[in-house]
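# Structural overview
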Amino acid sequence: MIEAEFWDYEDEDEWAEAVSGDIAFIIEQALDARGQALVAFPGGKTPAPVFAKLAATKLKWKHVTIIPTDDRLVAVNDPLSNIAAIAKVFIPLGARVLPIATENKDYKMAGNAADARLQDLHWPIDLVWLGIGADGHTASIFPGPDLDEALNGPKTRRATGVMPDPLPAEAPIARVTLTKESIVTARTITIAITGADKRKVLERAIEDGPSSTVPIGRVLADYEQPIDIHWLDA
Ligand SMILES: O=C1O[C@H](COP(=O)(O)O)[C@@H](O)[C@H](O)[C@H]1O
């Protein structure tokens, strides 16, 4: 059973403060325990206010490695680039920000290259912060020909290339994503979402668990720890 608790907010500032507070706490715990922290942050539009709050938090950023949960195969100066949004905020603070994708025309090769690079990190990830699409995708685990590889590939596989089918209107591009295994082995998962549509999709996915028809349900069904879900009524 998925053990999830919703935290509801009506004010964006309060929501962003709460999410960044939780993330900072987890990073501090990792730094205290292991002297370093490995975290995965989502892309898309939702994280921006949280990034701003987090950037204002005093942490030993030089010991923090940040990877995106997923990225779109675009140039780093493309507004759709997830790594660009993370790098812009956290590189100036001294964090190590590592890309998961390169602008490779072959998304399978891009996934293989990302997987090889990620093997060298200190696993498991301390925190995976997940975003969700209104279609129920999370990270870049989408319906399509690569769904099974992303959900059920070899346990040692950290990342994989994905061609969403159908392509999402807001970013109709091939992706590289962390695999379900990389996500569910994380020490902590937290979710931050906005809007009634996403909440409905997530509640249904949690209810359905392993039989969920959407990727977020299939991922969470294999996570054995409690999850905090920060929901902004926007
Ligand atoms: O494509 C993506 O979508 C999800 C959700 O994005 P949002 O703009 O609706 O917040 C995101 O979590 C993921 O990282 C991204 O690549």
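That block above? That's the structure.
Let me sum up the structure you'll find in this document.

Definitions and limits used
Residues numbered from 1 in each chain as written. Predicted model: local features only at pLDDT ≥ 70, side-chain atom pairs only at ≥ 80, totals over all residues. Helix = DSSP H or I, 4+ residues; strand = E, 2+ residues; numbered from the N terminus. Expected span 1.5 Å × (residues − 1). Buried ≥ 20, exposed ≤ 12 C-beta atoms within 10 Å, placed from the backbone. Core = buried A, V, L, I, M, F, W, Y, C linked by C-beta atoms within 7 Å. Contact = placed C-beta atoms within 7 Å. Pairing = 2+ DSSP bridges. Axes fitted to C-alpha atoms, helices over the stretch in contact; angles between N-to-C directions.

### Digging into helix α1 (residues 12–34)
Spanning 23 residues, α1 covers 33 Å between terminal C-alpha atoms, matching the ideal 33 Å at 1.5 Å per step. Turning to α1, its buried residues are W15, A16, V19, S20, I23, I27 and A30. At the C-terminal side of α1, G35 shows a positive phi close to 80°.

### Structural notes on the nonpolar core
Counting 61 residues, the largest nonpolar core has V39, A40, I66, V128, W129 and L202 as the members making the most contacts within it. Top contributing element to this core by residue count: α1, with 6 residues. Discounting chain neighbours no more than four positions away, the residues touching A40 are I67, P68, T69, I125, V128, W129 and L178.

### Quick look at the sheet that holds strand β8 (residues 175–178)
Strand-to-strand pairing in sheets goes through backbone hydrogen bonds, with the strands running parallel or antiparallel. Strand order in this open sheet of 3 strands is β4-β8-β7, and the pairing throughout is antiparallel. Edge strands, defined here as strands with exactly one partner in the open sheet, are β4 (70–72) and β7 (159–162). Here the strands of the sheet are splayed against their neighbours by 15° on average, with no regard to which way each runs. As defined by bridge partners, β4 adjoins β8 across 3 bridges and the pair is classed as antiparallel. For D70, the partnering residue across the bridge sits in β8 and is T177.

### Quick word on the environment of G209
Position of G209 among the secondary structure elements: in the loop between α7 (196–208) and α8 (215–220). C-alpha of G209 to C-alpha of G133: the two residues are 76 residues apart in sequence and 17 Å apart in space. Contacts of G209, omitting those with residues within four sequence positions, involve M1, I2, G217 and A221.

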